[in-house]
Amino acid sequence: MKQFVLKFIDIMIAIILGLGFQWWPNLVEPWQYVAFFFAYFSTVDYWIDYVPALKKYPPKTEIGLLADILVLFSMFLLIYSAQKSITYFFVAFALFRAVDFIWMWRIRREYTLFANDTIFFNTWLKFEGVEALVALGFAAFAANFSTQALYLLLGFVVFRIVMRILASFRYKKIHFA
């Protein structure tokens, strides 16, 4: 199952990234372009750690494979959401983080992790919970208050960059790369 999952995931991520470009003509607002680039960079950044982690800790059951498919779906939804509303985009990001939380939790249950991997997974489980909650907070704010979507999104991008830097300091490197 390991070889199948690895090939399947690589192909699906390539398809997701490729399909996303078909929506480029649908983007109109400046925030949508920023959201689109942010979604792509988030997906590629995720892929850098995801695929090596998947090689090291492949799913042992069909439930694990379903968790991987949910991760792929959430990536697709995040890229797709750039053409919708800013609220939809923040909810899609929160879902992306929540699904990854489930994926990492599955690995923690199925495997005995190496010491340095434990630090990585514990760090990301905490940070993803915070990122998902903050994204939902941004979504609630966007839904209830009239504000410039671009400025709200730029604030979120800065938050996400700070979280990524703090996580890297916590486990002292870009982990699986």
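Conventions adopted
- Per chain, residue numbering runs from 1 following the sequence as it is written.
- Side-chain atom pairs in this predicted model are given and counted only at pLDDT of 80 or more, local residue features only at pLDDT of at least 70, and totals for whole chains, interfaces and linings cover all residues.
- Here the side-chain values reflect all heavy atoms present in the structure, with hydrogen atoms and water set aside.
- Here a helix means four or more residues in a row that DSSP labels H or I, a strand means two or more in a row labelled E, and each is numbered from the N terminus.
- Atoms counted for the radius of gyration: C-alpha only. Globule rule: 2.2 Å times residue count to the power 0.38.
- Three labels apply to residues, based on accessible area from a 1.4 Å probe with only protein chains included: buried if under 20% of the type maximum, exposed if over 50%, partly exposed otherwise in between.
- Criterion for a salt bridge: a side-chain nitrogen of Lys or Arg within 4 Å of a carboxyl oxygen of Asp or Glu.
- In protein, a polar contact requires one atom able to donate a hydrogen and another able to accept it; more generally it is a pair of N or O atoms within 3.5 Å, and residues adjacent in sequence count only if both atoms are side-chain atoms.
- In this description, contact between two residues means that some pair of their heavy atoms is separated by no more than 4.5 Å.
- Between N-to-C directions, angles cover 0 to 180 degrees, with each direction set by a line fitted to C-alpha atoms, over the stretch in contact for helices.
- In this scheme, roughly parallel covers angles under 35 degrees and roughly antiparallel covers those over 145, while 65 to 115 is roughly perpendicular and the rest are oblique.
- Note: crossing handedness is left-handed where the near helix turns anticlockwise from the far helix by less than a right angle, and right-handed where it turns clockwise.
- Gly counts as polar in this scheme, as do all residues outside two lists: the nonpolar Ala, Val, Leu, Ile, Met, Phe, Trp, Tyr, Cys and Pro, and the charged Asp, Glu, Lys and Arg.
- Here the term patch refers to residues with relative accessible area over 30% and no salt bridge, with like charges joined within 9 Å and nonpolar side chains (Val, Leu, Ile, Met, Phe, Trp, Tyr) within 5 Å.
- To measure how exposed things are, a 1.4 Å probe is used in the Shrake-Rupley method; for residues, cover is taken only from the protein chains shown.

*Asks:* Which residues make up the overall build of the protein chain, and what values do they have?
*Replies:* Summing up its helical and strand segments, the protein chain has six helices and zero strands in all. In the protein chain, the succession of α and β elements from N to C terminus is α-α-α-α-α-α. Radius of gyration (C-alpha) of the protein chain: 16 Å, near the 16 Å computed for a compact globule of 177 residues. In terms of principal-axis extent, the alpha carbons of the protein chain reach across some 50 × 35 × 25 Å. Taking all 177 residues of the protein chain together, the buried fraction comes to 47%.

*Asks:* Residue-level account of the pattern of salt bridges, with values.
*Replies:* Within this structure, the stated rule accounts for seven salt bridges. Arg97 is the salt-bridge partner of Glu131, the closest N and O atoms lying 2.9 Å from each other. With Glu131 in helix H5 (residues 115-144) and Arg97 in helix H4 (residues 86-110), this residue pair connects regions lying 34 residues apart in the sequence. The buried category is assigned to Glu131, whose relative accessible area is 0%. The exposure class assigned to Arg97 is buried, which follows from its relative accessible area of 3%. In this structure, the salt-bridge partner of Arg160 is Glu131, at a minimum N-O distance of 3.2 Å. Taken as a pair, Arg160 in helix H6 (residues 149-171) and Glu131 in helix H5 lie far apart in primary sequence, 29 residues in all.

*Asks:* So what's going on with the side chain of Arg97? Which residues, and what values?
*Replies:* One polar contact links Arg97 to Glu131, side chain to side chain, over a distance of 2.9 Å. Discounting chain neighbours no more than four positions away, the residues touching Arg97 are Tyr46, Trp124, Glu128, Glu131, Ala132 and Arg160.

*Asks:* Describe the side chain of Arg160, listing the residues and the values that go with them.
*Replies:* Accessibility expressed as a relative area gives 7% for Arg160, which makes it buried. A polar contact is formed between the side chain of Arg160 and the side chain of Glu131, at a distance of 3.2 Å.

*Asks:* Quick one: what's the story with the packing of H4 against H5, residue by residue and with numbers?
*Replies:* At a closest axis distance of 8 Å, the pairing of H4 and H5 adopts a crossing angle of 160°. Here H4 is positioned roughly antiparallel relative to H5, judged by the angle of their axes. For the pair H4 and H5, the sense of crossing is left-handed. In terms of residue class, the contact of H4 with H5 is built from 19 nonpolar, three polar and five charged.

*Asks:* Let's hear about a nonpolar patch on the surface: which residues, and what values?
*Replies:* A cluster of nonpolar side chains, namely Val158, Ile161, Val162, Ile165, Leu166 and Phe169, defines an oily patch on the protein surface of about 560 Å² accessible area. Tracing the backbone through its elements, the reader meets Val158 in helix H6.

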